[in-house]
Amino acid sequence: MKSRETKPAIMKLLFLFFLSISVFSAQAQVVGLKCEYLENPIGIDNIHPRFVWHIPDATSGVFQSAYQIAVGTDSISVSKGTGNFWETGKVDSSVNLITYRGKKLQPFTKYYWRVSVWKNGDKHPVSSTASFETGMLSEANWRGWWISDGEDRNIKPAPYFRRVFDASKSIKSARAYIAAAGLYELYINGKKIGNHRLDPAYTRFDRRNLYVTYDVTQNLQEGKNAIGVILGNGWYNFQTQAVWDYERAPWRNRPAFCFDLRITYSDGSVETISSDRNWKTSLGPIVYNSIYTGEHYDARREQLGWNTVNFNDSKWKNIVYRKAPGEYISAAAMQPIRNVEEIKPVSITKMNDSVYIFNIGRNIAGVTRITLNGDSGTLVHVIHAERLDKNGYPDQSNVDYFLAENTRSYDPFATDIYTLNGKGAETFMPHFDYKGFQYVEVKANKPISLSKENLTAYFMHSDVAPVGNIQTSSELINKIYAATNASYLSNLFGYPTDCPQREKNGWTGDAHIASETGLYNFDAITIYEKWLRDVRDEQQPNGVLPSIIPTDGWGYEWGNGPDWTSVVAIIPWNVYLFYGDSKILSDNYENIKRYVNHIDELYPTGLTDWGLGDWAPLKSKTPVELVSSVYYYVDVNILAKAAHVLHKNDDYIKYGVLAEKIKNAINEKYLNAKKAIYADGFQTELSMPLFWGIVPDSLKRKVAANLADSVAANNYHLDVGILGAKAILGALSDNGQAETAYRLAAQKTFPSWGWWIVNGATTLYENWNINLKRDLSLNHIMFGEIGAWLYKALGGIKPDENHPGFKNVLLAPNFVDSLNYFTAEHISPYGKIISSWKRNGNIVYYNVTIPANASATINFPLLPGQTAYYKNQRIKNVREYSISSGSYEFVIK
């Protein structure tokens, strides 16, 4: 018999044994299972959905040797590896992105899928199970009608809709499908459904509308239920007068919606409650709403309980039918816009008894929620601005000048107007708009009492997951990095925008310039795929694209040369590099080709002067023909590479020849080979040919040296517009001039990114000169390449186009003298990549983590006399040192 003293030891051993099993099990699971890059999505329309996953095992040298996928409608069978819709069998491959090739998927159906993975040939695979659910799959499966309230499009109050129905049996599950021309909020039995904002995302409404799917099982009850819908104008019924003519859009009309509520009862029967003549409509307390300016709400007009069963709607009128606004209704298979972050004011200033100024401490895109007390009829203006004037009041003059002067009295810029009902504490947050702001003035027509607690701000944007992080020993660089990300998110609202206050337009140049910054930092593929569908919807038969997308027609004749509309090629290629998914190339291939062919027809010499040029320049002016021809080359080069990826060999040869022709034409006209300069040797003129691969290999170092000399001669300050800013840092650091690039990036005086930060910026600005009276949005993303440069140059993390999706990671860090430490992290399709270095005297310790199933090739940036070591062994092949997955520490001394 064992003594009592041995029992604790035995229990401890058993505990450790079971703990080790649980830890092994946790490590063994396949993670990151997504369908169409979403976790367990519902309402997808792709009949060939994509599955992705990765292995979290951090053990050195781990790789996937095989996979097996099962897809079916029975969760238990699938969890055991059997699928009644698709079974791949064991496939010897390291691929972790698979397209569904099983039986034809059915609409309104939940499917389960399991992936089993063999690691390093292990006989015992690890597995995980996930799900996805199809939506309509076809416009023909809609039961609902498009309905509206029949009012004229110029009527200001927003329409409200309701319908009561009887669910007579026990409910098993229910899904709501809603599409809208405009914006909507959906309610069931008095509660708002979901936490999305500004649904559905903006599209070219007369061509395509999006629908959203909700699981509303828990919102329904057996017996009577009430559905409520509020419609907002959004970009569909634009009532504000501004320079882009949205108030004259060809699609403009009173908002409408189409709705199906599909209920599956416990007995297996299905009932669909649709938008039809059983609905009723009325005007409500939202007396005006504009996505551009603000929302006006009269709480005295509230109809309490309007979206509940027992509300008396005898005074409500019948709906009217409307034709569908566009040809297509597509699923919104993307991350929605949400109130992602709640922000409390850092200060409040009482100007007088009826005016208060709130400061939320940083510039954001979003809305405010205000709680008020006052007499019925008290009118409160909530005014949003990015800065204050000399008297401490909001100053909108930097962004409000495109608003028509004659409408400001009744449609003020960035202003919500609330009328109190006098029934106690009242809380208001606008339903159908957003602003760009840091300061908020609350102004009433009667004395009111407010404290900091009365106002809350919400940072709104497409809710994309962060996948990157940068940490450095420089506080300035850290702030520039944070400001870049804040501007990127402030300009992501279902499509990439230029600024969240003055325009909210989908400028194509801003989008492709910032795309790498976005992809390093955020899981934004679903937004880009959606927006590229908008790009395809906007393309003319001859290949021409507008400069803003979506558009009401503005921008087809201005601002849309290759330097801007290269977005059609650059973003698909960047997404392909980051995700390793060729679908985005396939989807856009013919559009890129049509666009390139059109330029080739117009400019047969290979040079084109079609474009805006280096926008927002400083002193020097670069020829438009040079920058636009460079981007024309970029487009054709991408088209040739895409043809190669997609096995279109004739096109690969044809467009490879055309790319070489364009490159030669540029060099023949603008390159002075003897001096190793382009044109007059200005910073943009040297940067762009270097960055985009125009410079002959034999001259790259000399051109880069001349660029560095030009920067030094300008006292290490920038002299570029947005296209030069995209290129200059990478052009230097990729060609032996990383120290000069860093001095530019970390500069604190005008003109520089740091100059903005020193002067209080928390986002990136529209112009280097912070004293301009206009063209000075304080939240723009078009100078945002610096965010990507930190990953590419200092962390050295780059995708390998021969092994895209970071299957093989290219590492070429630069250990610049002015930093003591630097860390870059990026969550790739295979897991987290870490490139981190720190100094200890003259020694640099370089730490690398490569996820399972991936590899890396390191190019060590050694100075003369330096040597790289791994485990005290000298590394001989310092230019192409190959490693497999795992964690490594290198010593450079």
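Because the structure is predicted, anything quoted here is derived from the model rather than measured. Every chain's residues receive numbers from 1 upward, in the order its sequence appears when written. In view of the model being predicted, local features appear only for residues whose pLDDT reaches at least 70, and side-chain atom pairs are presented and counted only at 80 or more, with totals across whole chains, interfaces and linings using the full set of residues. To get the side-chain values, take all heavy atoms of the structure and skip hydrogens and water.

Visitor: Teacher, can you tell me more about the nonpolar core here?
Guide: Most often, soluble globular proteins keep nonpolar side chains buried together rather than apart. Grouping buried Ala, Val, Leu, Ile, Met, Phe, Trp, Tyr and Cys residues that are joined through side-chain atoms within 4.5 Å yields what is termed a nonpolar core. Any residue under 20% of the maximum accessible area for its type is buried, any over 50% is exposed, and the rest in between are partly exposed; the area is computed with a 1.4 Å probe on protein chains only. Membership of the largest hydrophobic core comes to 232 residues, with the highest contact counts inside it found for W753, W789, Y846, F860 and F890. Examining the composition of this core, we find that 13 residues originate from one element, helix α9 (residues 624–645), more than from any other. Residues in contact with F890, not counting those within four places in the same chain, are V844, Y845, Y846, V848, I858, F860, Y869, Y870, I875, Y881 and I883. Ranked by size, the runner-up nonpolar core spans 28 residues in total, among them F165, A167, I263 and I273. Helix and strand assignments come from DSSP, with helices taken as H or I runs of at least 4 residues and strands as E runs of at least 2, each series counted from the N terminus. A contact between two residues is defined here by any heavy atoms of the two lying within 4.5 Å.

Visitor: Looking at this model, I keep getting lost on the side chain of S127. Mind explaining?
Guide: Locating S127 in the fold gives a position in strand β8 (residues 126–134). A distance of 3.1 Å separates a polar atom in the side chain of S127 from a polar atom in the side chain of R114. Among the polar contacts made by the side chain of S127, one reaches the side chain of S116 at a distance of 2.7 Å. Beyond its immediate stretch of four places on either side in the chain, S127 contacts Q29, V30, R114, V115 and S116. We call two N or O atoms a polar contact when they sit within 3.5 Å, provided that within protein one can donate a hydrogen and the other can accept it, with sequence-adjacent residues counted only if both atoms are side-chain atoms.

Visitor: For this particular structure, what's the right way to read empty space enclosed by the protein?
Guide: Where empty space is left becomes clear once a probe the size of a water molecule has been rolled over the atoms. Residues are called lining when one of their atoms sits within 4 Å of a cavity or pocket point, these points coming from a 1 Å grid over the protein atoms alone, where a cavity is a set in which a 1.4 Å probe fits but cannot get out and a pocket is an open set with protein on both sides within 12 Å along at least five of seven lines. Grid points are joined across faces, edges and corners, and a volume is the space filled by probe spheres set on the points. The tally for this structure, following the rule as stated, stands at four cavities of 30 Å³ or more. Around the largest cavity, the lining comprises 15 residues; the ones closest to its centre are L183, L198, Y202, W235 and I291. The nonpolar class holds Ala, Val, Leu, Ile, Met, Phe, Trp, Tyr, Cys and Pro. Asp, Glu, Lys and Arg form the charged class, and all remaining residues, Gly among them, are polar. Residues belonging to the lining of the largest cavity are distributed by class as follows: 13 nonpolar, two polar and no charged.

Visitor: Honestly, the sheet that holds strand β12 (residues 183–188) in this entry has me stumped. Any pointers?
Guide: Strands pair in a sheet through their backbones, by hydrogen bonds, and they do so in one of two ways: parallel or antiparallel. Strand order across the open sheet formed by six strands is β13-β12-β15-β10-β18-β21, with antiparallel pairing between neighbours. A strand with exactly one partner marks an edge of an open sheet, and here the two such strands are β13 (191–192) and β21 (317–318). Here, any two strands with at least 2 DSSP bridges between them count as paired. Summarising the sheet, strand β10 (residues 159–167) and strand β15 (residues 223–232) pair through eight bridges and their orientation is antiparallel. For R162, the partnering residue across the bridge sits in β15 and is G228.

Visitor: Got a minute to help me understand the side chain of N491 in this structure?
Guide: Among the secondary structure elements, N491 is positioned in the loop between α3 (475–490) and α4 (508–521). The exposure class assigned to N491 is buried, which follows from its relative accessible area of 2%. Looking at N491, its side chain comes within polar contact range of the side chain of T497, at 2.6 Å.

Visitor: Help me understand the packing of aromatic side chains, please; the structure alone is not making it clear to me.
Guide: One pair of aromatic rings is described through two measures. These are the centre distance and the angle between the planes. Only the six-membered ring of Trp is used, alongside the rings of Phe and Tyr, when aromatic pairs are assigned; centres must lie within 6.5 Å, and planes under 30 degrees apart are stacked while those over 60 apart are edge-to-face, with the rest tilted. Under the defined criterion, the tally for this structure stands at 63 aromatic pairs. Plain terms: the ring middles of Y202 and Y495 are 5.5 Å apart, the flat faces sit at 80° to each other, and that makes the pair edge-to-face. Of this pair, Y202 sits in the loop between β13 and β14 (208–215) while Y495 sits in the loop between α3 and α4, and the two are 293 residues apart along the sequence. Accessibility expressed as a relative area gives 2% for Y495, which makes it buried. Ring plane angle 70° and centroid distance 5.6 Å describe the contact between Y292 and F413, whose orientation is recorded as edge-to-face. In this pair, Y292 is assigned in the loop between β19 (286–289) and β20 (295–298) and F413 in the loop between β29 (394–395) and β30 (415–419), connecting sequence segments 121 residues apart. Both residues of the pair, Y292 and F413, belong to the buried class. In this analysis the charged atom, NZ for Lys or CZ for Arg, is taken to sit over a ring once it is within 6 Å of the ring centre and within 35 degrees of the ring normal. Here K103 stacks its cationic end above the ring of F85, 5.9 Å away from the centre of that ring. Of note, R743 hangs over the ring of Y716, and the distance from its end group to the ring centre comes to 3.5 Å.

Visitor: Could you clarify how one ought to interpret the pairing of strand β27 (residues 379–385) in this entry?
Guide: In the case of a regular strand, side chains alternate between the two sheet surfaces. Judged by how many residues are buried, β27 sits mostly within the fold: five of seven residues are covered. Examined bridge by bridge, β27 and β30 share five bridges and lie antiparallel to one another. When the sheet's bridge partners are listed, L379 is paired in β30 with T419. In the sheet, β27 pairs with strand β32 (residues 435–444) via six bridges, with the strands oriented antiparallel. Looking across to β32, one finds that A385 is bridged to Y439.

Visitor: Help me understand the sheet that holds strand β2 (residues 42–44), please; the structure alone is not making it clear to me.
Guide: Overall, mixed pairing links the five strands, which are arranged β2-β8-β7-β4-β5 in an open sheet. Each having just a single partner strand, β2 and β5 (86–87) make up the two edges of the open sheet. Bridge count for β2 against β8 is two bridges, and the pairing is parallel. Within β8, the residue paired with I42 across the bridge is E133.

Visitor: Help me understand a nonpolar patch on the surface, please; the structure alone is not making it clear to me.
Guide: Together, Y652, I653 and V657 give the surface a local cluster of nonpolar side chains, amounting to about 300 Å² of exposed area. Relative to the assigned elements, I653 resides in helix α10 (residues 649–670). Patch definition: residues with relative accessible area over 30% and no salt bridge; like charges joined within 9 Å; nonpolar side chains (Val, Leu, Ile, Met, Phe, Trp, Tyr) joined within 5 Å. Here, Shrake-Rupley sampling with a 1.4 Å probe gives the accessible areas, and only protein chains in the shown set may cover a residue. Basic side-chain nitrogens of Lys or Arg form a salt bridge, by our definition, when they fall within 4 Å of a carboxyl oxygen of Asp or Glu.

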